[in-house]
Amino acid sequence: LSLLNVSAMSYGALSKNAIEALNWGAKTGGFAHNTGEGAISPYHETHQGDLIWQIGTAYFGCRTAEGNFCPESFKEKAGKDNVKMIEIKLSQGAKPGHGGILPAEKNTPEIAKIRQVPVHQTVMSPGFHSAFSGHSGLIDFIKELRDLSGGKPIGIKLCVGNPEELNELCIEMKNRQ
C-alpha cells in the first residue's frame with residue numbers, strides 16, 4: 001500500500017465506469033482503492049488494483065439474510081488476492097450514531113446481489129455494529145477479521161465525538177498487546 005490511496009466511495013454512489021476508472025488508476029499508480037461500505041463490486045475487480053475492503057454496520061457483501069455479519073462470506077471475499085486490507089467503518093462521519101439508508105429505488109438487482117440484500121427494498125445501515133459492542137468487543141472483532149482474512153491488516157475508520165472514548169479504545173488496545 002501507498003501513502004496515497006483512493007478514498008472510500010461505493011459502487012452505487014458512483015457509476016461502474018467511475019469505479020473501474022478509479023481502480024485502473026490505483027493499479028497504474030501503485031496505490032490502493034477503498035471500496036466504500038457498499039461491498040466489493042465486479043467493477044472494483046476489473047483491473048485487479050489493490051483494494052481496501054470497507055465493512056460498515058450493514059455488513060454489505062458479508063452478511064446473513066437477517067443482516068448480521070457472516071464469517072464465511074467475509075472469509076471468501078477477504079481471501080481474494082487484490083484485497084490487501086480490511087477497514088471497519090465504525091460510524092457515518094457526518095452523522096455518527098444515525099446509520100445510513102439505501103433507498104429502494106437505488107437498490108437494483110445488481111446492487112442487491114453485490115450487497116447481499118433483498119432487491120427493491122429500502123435497506124437501513126444501523127448506527128452501530130451488531131457483531132460487537134464496546135471497546136473489548138471491537139478488539140475481539142478485529143482479531144476475528146484478521147484470522148478470517150489470513151492475517152491481512154485490519155484498520156478502523158471512526159468519527160471522534162468524545163475524545164475520552166478514543167482514549168479508552170487506545171487503552172484497551174494497549175492492554176491487549
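Just so it is clear, the structure is predicted and the values come from calculations on it, not from any experiment.

The rules behind the values
Residues numbered from 1 in each chain as written. Predicted model: local features only at pLDDT ≥ 70, side-chain atom pairs only at ≥ 80, totals over all residues. Heavy atoms only, no water. Helix = DSSP H or I, 4+ residues; strand = E, 2+ residues; numbered from the N terminus. Buried < 20%, exposed > 50% of the residue type's maximum accessible area, 1.4 Å probe, protein only. Contact = heavy atoms within 4.5 Å. Pairing = 2+ DSSP bridges. Salt bridge = Lys/Arg side-chain N within 4 Å of Asp/Glu carboxyl O. Core = buried A, V, L, I, M, F, W, Y, C linked by side-chain atoms within 4.5 Å.

Colleague: Can you help me understand the overall build of the protein in this one?
Modeller: When its secondary structure is counted, the protein shows six helices and six strands. Taken from N to C terminus, the helices and strands of the protein fall in the order α-β-α-β-α-β-β-α-β-α-β-α. Projected onto the principal axes, the alpha-carbon positions of the protein cover approximately 45 × 35 × 30 Å. Looking at the 177 residues of the protein, the share that counts as buried comes to 44%. A sequence separation of at least 24 residues applies to 62% of the contacts in the protein between residues at least 6 apart.

Colleague: In this structure, what is going on with the sheet that holds strand β2 (residues 51-55)? I would like to understand it.
Modeller: Backbone-to-backbone hydrogen bonds join strands into a sheet, with any given pair of strands oriented parallel or antiparallel. Read from one edge to the other, the open sheet built from four strands follows the order β1-β2-β3-β6, with strand pairing classed as parallel. The sheet terminates laterally at β1 (33-34) and β6 (154-157), the two strands that pair on one side only. Pairing of strand β3 (residues 83-89) with β6 involves four bridges; the strand directions are parallel. When the bridges of β6 are listed, I86 appears paired with I154.

Colleague: Help me understand the environment of V119 in this model?
Modeller: Assignment of secondary structure puts V119 in the loop between α4 (109-115) and β5 (123-125). Taking the C-alpha atoms as reference, V119 lies 28 Å from S149; in sequence the two are 30 residues apart. Sequence-distant contacts of V119, defined by excluding residues within four places in its chain, comprise N107, T108, P109 and A112.

Colleague: Whenever I open this one, the pattern of salt bridges confuses me. Can you help?
Modeller: The full count for this structure, using the stated rule, is five salt bridges. Between K89 and E37 there is a salt bridge, with its nearest N and O atoms 2.8 Å apart. In this pair, K89 sits in strand β3 while E37 sits in the loop between β1 and α2 (42-45), placing the two residues 52 residues apart along the sequence. Salt-bridge contacts for E172 lead to R176; the nearest nitrogen and oxygen are separated by 3.1 Å.

Colleague: Can you walk me through unusual backbone geometry in this structure?
Modeller: With the exception of glycine, most residues fall at negative phi, and the peptide bonds are largely trans. The backbone of Q48 shows a phi angle near 60°, a positive value even though the residue is not glycine. Following the sequence through the fold, Q48 ends up in the loop between α2 and β2. We classify Q48 as partly exposed; its relative accessible area is 38%.

Colleague: Where do I start with the nonpolar core in this structure?
Modeller: The nonpolar side chains of a soluble globular protein tend to be buried with one another. Among the nonpolar cores identified, the biggest contains 22 residues, and W53, F69, F74, I86, I88 and L145 are the most heavily contacted of them. Elements supplying a minimum of two residues to this core: β2, α3 (71-78), β3 and α5 (134-148). The element contributing the most residues to this core is α5, with six residues. Here L145 is in contact with F69, F74, I86, I88 and I154, once residues within four sequence places are set aside.

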